[in-house]
Amino acid sequence: MSIVVTGATGHLGRLVVEALLARGVPAEQIVATGRRVETLADLQDRGVTVRRADYTDPESLRAAFAGAEKVLLVSSSEVGQRLPQHRNVISAAKDAGVRLIAYTSFPHADTSTLPLAAEHLATEQLLDESGVPHVVLRNGWYIENYTGQLATYLEHGIVGSAGEGRVSAATRADFAEAAAAVLTQDGHDGAVYELGGEAFTMPELAATVSAVTGRQVAYTDVPVEQYAQILVGAGLPEPAAALFADFDRAVADGEHHVEGNDLEKLLGRAPTPLAQAVAAAAAGPRA
């Protein structure tokens, strides 16, 4: 029996495979799947089984899940198409007789006002209806969504519409390690984990960037509509700009502040601090 990781060609899925290996799961018991399997050749060289799996191709999913004991369903990146794609994955996993599906969902999916949450909540409902034992990992925002903009911050400062709202972001690696924990431990069936790291405001992010880099960075708060136009001016398509601006609106309203310590419990340690993540980004690939 094996652990199948979907989306292993993406950032999070690959990190989950690495986390499983780090936890001592034998490589031959891990199946890494994705559409671009050629990008997984290095994992295959390390003994990991590699199989093609396309969320839009039920037959590929059935073949990929053959012999699976547990499946990690990394949510699709195709907004608007997630629900039918996730339905295909859940159906294939059920047909394969898997004992557990872990799903990467959205913070407060059952109460969030963000349009992005709707497909995640509907997927959680599909899991409930499937009868397959499952665990929901409501992953918060990635710290990398901020540290990936470090060069822009240093040149132009930080602009947004989050006000004094707190966002409980964590690194992809922390979320991946949490997923590996539920895939390798018993007792998680039926759990819904709200996962978030150290909560911070955008002014606190600016202060942390300033402290780590030694260069003064300020946060400028603007109305949501103005922020959307700034993003369009920076090259984002209008729909994407509207989504990001609305995310900041939700942060200001407290929707991305995760109470509790579910992530810390799964990790067995404190999540990676913001300052450490910023320092790693500032150091670059050599860090």
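Above this text is the structure in question.
Predicted, not measured: the structure shown is a model, and the values here were computed from it.

Draft legend 1. Looking closely at the pairing of strand 1 (residues 2-5). Burial of strand 1 is two-sided: the residues Ser2 and Val4 facing one way and the residues Ile3 and Val5 facing the other way are all buried. By the bridge criterion, four bridges tie strand 1 to strand 4 (residues 68-73) in an arrangement that is parallel. The partner of Ile3 across the bridge, within strand 4, is Lys70. When strand 1 meets strand 2 (residues 30-34), the two strands line up parallel, connected through three bridges. Note that in strand 2 the partner of Val4 across the bridge is Val31.

Draft legend 2. Here's a closer look at the nonpolar core. Membership of the largest hydrophobic core comes to 56 residues, with the highest contact counts inside it found for Val16, Leu20, Phe65 and Leu137. Residue contributions to this core peak at seven residues, all from helix 8 (residues 172-184). Each residue touching Leu20, except ones within four places of it in the same chain, is listed here: Ile3, Val5, Val25, Ile30, Ala180, Leu183 and Thr184. One finds Phe106, Met202, Leu274 and Val278 within the second-largest nonpolar core, a separate group that totals 27 residues.

Draft legend 3. Representation of the packing of helix 4 (residues 82-96) against helix 5 (residues 115-130) within the structure. Between helix 4 and helix 5, the shortest axis-to-axis distance is 10 Å and the interhelical angle comes to 20°. With respect to their mutual orientation, helix 4 and helix 5 come out roughly parallel. Taken as a pair, helix 4 and helix 5 cross one another with a handedness that is right-handed. Of the residues in helix 5, those touching helix 4 at Arg82, Leu83, His86, Arg87, Ile90 and Lys94 are Leu116, Glu119, His120, Ala122, Thr123, Leu126, Leu127 and Ser130. Residues belonging to the contact of helix 4 with helix 5 are distributed by class as follows: six nonpolar, four polar and four charged.

Draft legend 4. Focus on the sheet that holds strand 4. Strand order across the open sheet formed by seven strands is 3-2-1-4-5-6-8, with parallel pairing between neighbours. Sheet topology places strand 3 (49-52) and strand 8 (192-195) at the edges, where each strand pairs with a single neighbour. The sheet shows a mean angle of 20° between the axes of neighbouring strands, taken without regard to direction. As judged from the five bridges shared by strand 5 (residues 100-105) and strand 6 (residues 134-139), these two strands associate in the parallel manner. Its bridge partner being in strand 6, Ser105 is matched across the sheet by Arg138. Contacting strand 1, strand 2, strand 4, strand 5 and strand 6, helix 1 (residues 11-22) runs over the sheet at an angle of about 155° to strand 1. Packed onto the sheet, helix 8 meets strand 1, strand 4, strand 5, strand 6 and strand 8 and runs at close to 155° relative to strand 4.

Draft legend 5. Summary view of the packing of aromatic side chains. Scanning all chains against the criterion turns up three aromatic pairs. Where Trp141 meets Phe247, the ring centres are 3.8 Å apart and the plane angle is 20°; that geometry is what we call stacked. Taken together, the residues span a long stretch of sequence, with Trp141 in the loop between strand 6 and helix 6 (144-147) and Phe247 in helix 11 (residues 238-252) at a distance of 106 residues. Ring geometry for Tyr142 against Phe175: centres 5.9 Å apart, planes inclined by 55°, an arrangement best described as tilted. In this pair, Tyr142 is assigned in the loop between strand 6 and helix 6 and Phe175 in helix 8, connecting sequence segments 33 residues apart. Residue classification places Phe175 among the buried positions, given a relative accessible area of 1%.

Draft legend 6. Region of the structure containing the side chain of Lys70. Inspection of the secondary structure puts Lys70 in strand 4. Comment: no salt bridge for buried Lys70; closest opposite-charge side chain is Asp186, at 4.5 Å. Ignoring sequence-local partners within four residues, the contact set of Lys70 consists of Ser2, Ile3, Val4, Arg99, Leu100, Val182, Leu183, Thr184, Gln185 and Asp186.

Draft legend 7. The arrangement of the pairing of strand 6 in detail. Most of strand 6 sits inside the fold, with six of its six residues counted as buried. In this view, the connection linking strand 5 to its parallel neighbour strand 6 by way of helix 5 has right-handed handedness. Inspection of the sheet shows strand 6 paired to strand 8 by four bridges, in the parallel sense. Residue pairing for strand 8: Val136 is matched across the bridge by Val192.

Definitions and limits used
Residues numbered from 1 in each chain as written. Predicted model: local features only at pLDDT ≥ 70, side-chain atom pairs only at ≥ 80, totals over all residues. Heavy atoms only, no water. Buried < 20%, exposed > 50% of the residue type's maximum accessible area, 1.4 Å probe, protein only. Helix = DSSP H or I, 4+ residues; strand = E, 2+ residues; numbered from the N terminus. Pairing = 2+ DSSP bridges. Core = buried A, V, L, I, M, F, W, Y, C linked by side-chain atoms within 4.5 Å. Contact = heavy atoms within 4.5 Å. Axes fitted to C-alpha atoms, helices over the stretch in contact; angles between N-to-C directions. Parallel < 35°, antiparallel > 145°, perpendicular 65-115°, else oblique. Left-handed = near helix turned anticlockwise from the far one by under 90°. Nonpolar A, V, L, I, M, F, W, Y, C, P; charged D, E, K, R; others polar. Phe/Tyr/Trp six-rings, centres within 6.5 Å; stacked < 30°, edge-to-face > 60°. Lys, Arg positive; Asp, Glu negative; His and termini not counted. Salt bridge = Lys/Arg side-chain N within 4 Å of Asp/Glu carboxyl O. Right-handed = clockwise from strand over helix to strand, strands pointing away.

So yeah, pure geometry; function would need other evidence.
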